[in-house]
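# Notes for the structure review
Listed here are the chains, written in short residue letters.
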Amino acid sequence: MKKIGVYICHCGTNIAATVDCSELARFAGTLPGVKVARDYRYLCSDPGQDLIKKDIRELGIDRVVVAACSPRMHEMTFKNLLSSESLNPYFLNIANIREQCSWVHKDRERATEKAKHIVHAAVARVSRHEPLEARKVGIKPSTLIVGAGIAGIQAALNIANGGMRVVLVERAPYIGGHMAQLDKTFPTLDCASCIFTPKTVEVARNKNIELFICSEVADVKGYVGNFTVAIKKHPTYVDHRRCTGCGDCVEACVLKRGVPSEFEEGMARRKAIYLAFPQAVPLKAVVDKESCLFLSKGKCKKTCIEACKAEAIDFDQKEEVIEKEVGSIIVATGYDPFDPHLLPQYGYGVSDNIITGLQFERLSSPSGPNRGEILLKDGTVPKAIAFLHCIGSRDENAKLHCSRICCMASMKQAHLAREKTGAEIYEFYIDINAFGKGYQEFYKRVREEGIYFIRGKGSEIYKRDGRLIVEAEDTLLGTPVEIPVDLVVLGTGLTARRDAETVAQVLGISQSADGFFMEAHPKLRPVSTNVDGIFLAGCCQGPKDIPDTVAQASAAAAEVMSLVTKGEIEVEATISSIDPEICAGCKLCIEICPYSAIDFLDIRGISSVNEALCKGCGACTAVCPSKAARQRHFTQDQVLAEVEGLLAV
Amino acid sequence: MSLEPKLLGFLCQNSADLCADFAGMERKSYAPNFFPVRLPCLGGLDAFFLLKAYFSGADGVLVLGCPPGHCRYKRGNETAKRRMQVIQGLLEILGIGKERLDFVWIHPSEISKLVEVVNGFNERITKLGPCGFFQSEDQAKFHWMTELKKCDHCYQCKEVCPICFCKRCYPESFQNFGLGWLVHVIERCTHCGACKDVCPQGIRLFEIVQLLQQKMSELNLLPLSFPLPQGSEKAGIVNITK
């Protein structure tokens, strides 16, 4: 006879407020097989755990039910407790009476009733639990980092400087992401490239970092510690081992007008063969397949080949797929700026003098198209500039989330614009979210510089008498305002990457409602995902400023380092097995297994699970006609007992 | 209290169960008569689990899984959906009604959808009233169930069936062999008719099978995607899927 111990946690008042814990303990005591049932204020605390340990030692408890919070919170805590008392950790069952009971029901009687059912089911289930051994798998020491913005770079440097190998994959022809486009950074006003270039250069120099530019991750297979990733390397049509980045080919390119430069946010034009920007790392030329006359139309004198003294240009380059074996993955794919075309009232695209925040950064940057002078399209200096906050953010018609950086970015841009042009500056805001260190002080400083702050979101922008009119309601004065300006900067928000869904599917991770990747726990596991061994860094998880991004990237690097340093990890033992005595060799399981983890043993005429490949989804168990296939910890009789227990009167 | 239906939920631990935890964190309230069961993936949701639920007194079963393309195990959600549709056909024939089983995609972030779905389902089942499936002697409503209850475990049907090749018969251990066997073979039945007149109790098994196949065809579930077993020793297999 099993001796089951049931422990009900009050979780302070989190559970006890809606569930009558002592009544629940009394009820649990009446269930078959239950030797002892107790309730306690905080079971996860040391005294709480000691209570269970004492019972295991003195009463010979050999199965434990903990009725408390979600197993996502403390399953490990109590598994470790059982292990420390030489009990198999799988003799534990967590009954979730907090997230799925006390927190969602208000009526005390009803909640207690439901908790009884849940505990009943947990007791019925735990008596059928079998001892299982956690499998140990080795961790491959190298790490894949997807995206080489500031997040990817920071994580890569942390890991590489710790002596581990990093495979850094970047889609663009240069590393640095959005931070490379910025002029100055708030609130310290140090120039982005001055603080950033040393990092990008270090990435290029570091022997532990293998950098793939113009590349994407096409496929990920495997599991924590043992991922096999396929990196698709797009052709650049330039042999980067030979290219010196001299730019002679760019001069020689015959594409007269050029095409809008992606790096300059369309504020300048580039040739078909180009260097993204002068400080780009790596400083290598790439050919854009779309605009290159030879590659798109097949006719060009190929003057670039003549001009290249290093003989680096190679129009025969093909797409390559490179396979790498890594132990962990950091996703740092960043964000897409909100597309202001989606909100036509702001007139983006109607006038050249309505620009986005990132475009302003290029305008203001000393390396930008105007060498840092803030000029209108016709080359004149603007006399009045409006900055509109929350374009696409905090908006029922666009994105509901706050993009966090736009208030500060807008105020920084206002400061720069004021300094460079002396123009009248208007800030249209809903609230000023100056949350970071030194941010409130910066807000105060900008206010004192004579910039007009109008509390009210810009509602419409239109042209009148050659100027742009910004309409808004000044909610402090309670009156509508119309302000004529020459330049409008839209503080466009941060959104999830357009292809975030594809990336999520390749990696098997989840997205939140706003499209950003979802962390394993919003507070306590902010850089982990629901897939072991895959971590998040930077804006792909949600809007962040640079300090937060860097901090999160280092946190992700620390997670990776702790995995790698340990060298091996215990993975869930809850995989499938097939009983050779029962299996009739019908092969239905082979057909349904999503991982091809089941082999047919011809000699014996039966199927057999390859434990290294099985991930424990249980598809084979449901389809197996004779139930020869069973998933450990989710066997037929365990689940059926749980169902029966939940519905017991 | 007793008038309230009992609702059982099978929740995918990567989507709906996670979502239910989030609902807890946000204190989003839903019907307290909804009891969740957590599964690693709905691909492993056995038809027997569902039958067991109705046998144990559930008035409705809600299956909540991740949206298409979001399955952590590639296609467990699609597999489950197909299986649920087959079970819905069976419920319809048995007189339980397909409304008592619902399958909804829930993304981990769709907290308000989860609440709506559970409450909506509760409302629907409350209107339908108690299921009374196993307990009731209502012959008119549970005609086939009454029929299947006649089974006295002679296993003649099993003997003649060309697709019965298991070394151990799982349905034998199930509460009601006839029903268990039906669920067991339905996805693979070849429509050969061997079981037609074999039952000494006169259970019209073949008729139920035919009805079910008809239902599945109405639900656009034929041909079945599950393959016929290879290497079956018994002769006479007609593969209707090809």
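All chains use their own residue numbering, which begins from 1 and follows the written sequence. Whichever chain is written first is A, and whichever ligand is written first is 1; the rest continue in order. Per-residue local features are limited, in this predicted model, to residues with pLDDT of at least 70; the limit for side-chain atom pairs, both in listing and counting, is 80 or more; totals at the level of whole chains, interfaces and linings are taken over all residues.

Turning our attention to helix H2 (residues 47-55) of chain B. Because an α-helix completes one turn every 3.6 residues, residues spaced three or four positions apart along the sequence face the same direction. Partly exposed residues are those whose C-beta has more than 12 but fewer than 20 other C-beta atoms within 10 Å; with 20 or more the residue is buried, with 12 or fewer it is exposed, and the C-beta atoms are placed from the backbone. For the purposes of this entry, the term helix denotes a DSSP run of H or I that reaches at least four residues, the term strand denotes a run of E that reaches at least two, and both are numbered from the N terminus. The element H2(B) is extensively covered by neighbouring structure, given that nine of its nine residues are classed as buried. Regarding H2(B), the residues found buried are B:Ala47, B:Phe48, B:Phe49, B:Leu50, B:Leu51, B:Lys52, B:Ala53, B:Tyr54 and B:Phe55. Looking at the buried positions of H2(B), the neighbouring elements they touch are helix H18 (636-647) of chain A together with strand E1 (7-12), strand E3 (60-65), helix H3 (76-94), strand E4 (101-105) and helix H7 (177-186) of chain B. Within two residues after H2(B), B:Gly57 carries a phi angle of roughly 105 degrees, on the positive side. A pair of residues counts as a contact when their C-beta atoms, built from backbone coordinates, are separated by no more than 7 Å.

All names here are of chain A. At a minimum axis distance of 8 Å, the contact between helix H6 (residues 150-161) and helix H15 (residues 546-566) shows a crossing angle of 40 degrees. Compared by their axis directions, H6 and H15 come out oblique. Classified by chirality, the crossing of H15 by H6 is right-handed. Facing H6, whose interface residues are Ile150, Ala151, Gln154, Ala155, Asn158 and Ile159, H15 presents Ile546, Thr549, Val550, Gln552, Ala553, Ser554, Ala556, Ala557, Val560 and Met561. Ten residues, namely Ala, Val, Leu, Ile, Met, Phe, Trp, Tyr, Cys and Pro, are considered nonpolar, four, namely Asp, Glu, Lys and Arg, are considered charged, and the remaining ones, Gly among them, are considered polar. Partitioned by chemical class, the residues of the contact of H6 with H15 number 11 nonpolar, five polar and no charged. Here an axis means a line fitted to C-alpha atoms, over the contact stretch when the element is a helix, while the angle between two N-to-C directions is reported on a 0 to 180 degree scale. The cut-offs work like this: below 35 degrees is roughly parallel, past 145 is roughly antiparallel, 65 to 115 is roughly perpendicular, and the gaps in between are oblique. Crossing handedness: left-handed means the near helix sits turned counterclockwise from the far one by under a right angle, and right-handed means the same turn made clockwise.

It is worth spelling out unusual backbone geometry at this point. All names here are of chain A. Between Phe186 and Pro187 the backbone carries a cis peptide bond, its omega angle lying at -10 degrees. Here Pro187 shows up in the loop between strand E8 (184-185) and strand E9 (190-191). Cis peptide bonds are those with omega within 30 degrees of zero, and the linkage from Val281 to Pro282 qualifies with -10 degrees. Structurally, Pro282 can be placed in the loop between strand E15 (273-274) and strand E16 (286-287). In this model, Ser86 sits at a positive phi of 60 degrees, which is unusual for a non-glycine residue.

All names here are of chain B. Residue ranges for the domains originate in an automatic or database domain assignment. Partitioning chain B into domains gives domain 1 (7-128) and domain 2 (150-218). Here the C-alpha centre of domain 2 lies 27 Å away from the C-alpha centre of domain 1. Of the residues lining the interface, nine residues belong to domain 1; the matching set on domain 2 comes to 11 residues. Contributing elements (two or more residues each) for the side of domain 1 that touches domain 2: H2 and H3. In terms of residue count, H3 provides more of the side of domain 1 that touches domain 2 than any other element does, five residues in total.

Turning our eyes to something else, we now look at the sheet that holds strand E26 (residues 479-485) of chain A. Residue and element names in this part refer to chain A. Judged by pairing direction, the sheet is antiparallel, and its three strands sit side by side in the order E24-E25-E26 without closing on themselves. Of all strands in the sheet, those with a lone pairing partner are strand E24 (458-464) and E26, marking the two edges. Within the sheet, the average angular offset between the axes of one strand and its neighbour, ignoring direction, is 25 degrees. Two strands qualify as a pair provided that DSSP identifies no fewer than 2 bridges between them. Pairing analysis gives six bridges linking E24 to strand E25 (residues 467-474), with the strands arranged antiparallel. If you follow Ile461 over to E25, its bridge partner there is Val470.

Further remarks concern the sheet that holds E1(B). Residues and elements named next belong to chain B. Ordered by their spatial adjacency, four strands build an open sheet running E2-E1-E3-E4, and the pairing between neighbours is parallel. The sheet is open, and its two edges are formed by strand E2 (34-39) and E4, each paired on a single side. Each strand axis lies, on average, 20 degrees off the axis of its neighbour in the sheet, ignoring direction. Bridging between E3 and E4 involves five bridges; their strand directions are parallel. The residue of E4 that forms the bridge with Leu62 is Asp102. The strands touched by H3 are E3 and E4; relative to E4, the strand with the most contacts, the crossing angle is about 160 degrees. Where helix H4 (residues 111-128) meets the sheet, it contacts E1, E2, E3 and E4, and its direction lies at approximately 160 degrees from that of E3.

A few words now on the interface of chain A and chain B. At the interface, 51 residues of chain A touch 50 residues of chain B. Put simply, the parts of the chain that give the side of chain A that touches chain B at least two residues each are helix H4 (98-102), helix H5 (108-126), helix H16 (588-592), helix H17 (619-623) and H18 of chain A. For the side of chain A that touches chain B, the leading source of residues is H18(A), giving eight residues. For the side of chain A that touches chain B, a count of residues per class yields 21 nonpolar, 17 polar and 13 charged.

This part takes up the environment of A:Asp339. Secondary-structure assignment places A:Asp339 in the loop between strand E19 (335-337) and strand E20 (354-356). Residue class for A:Asp339 comes out partly exposed when judged on the 14 C-beta atoms lying within 10 Å of it.

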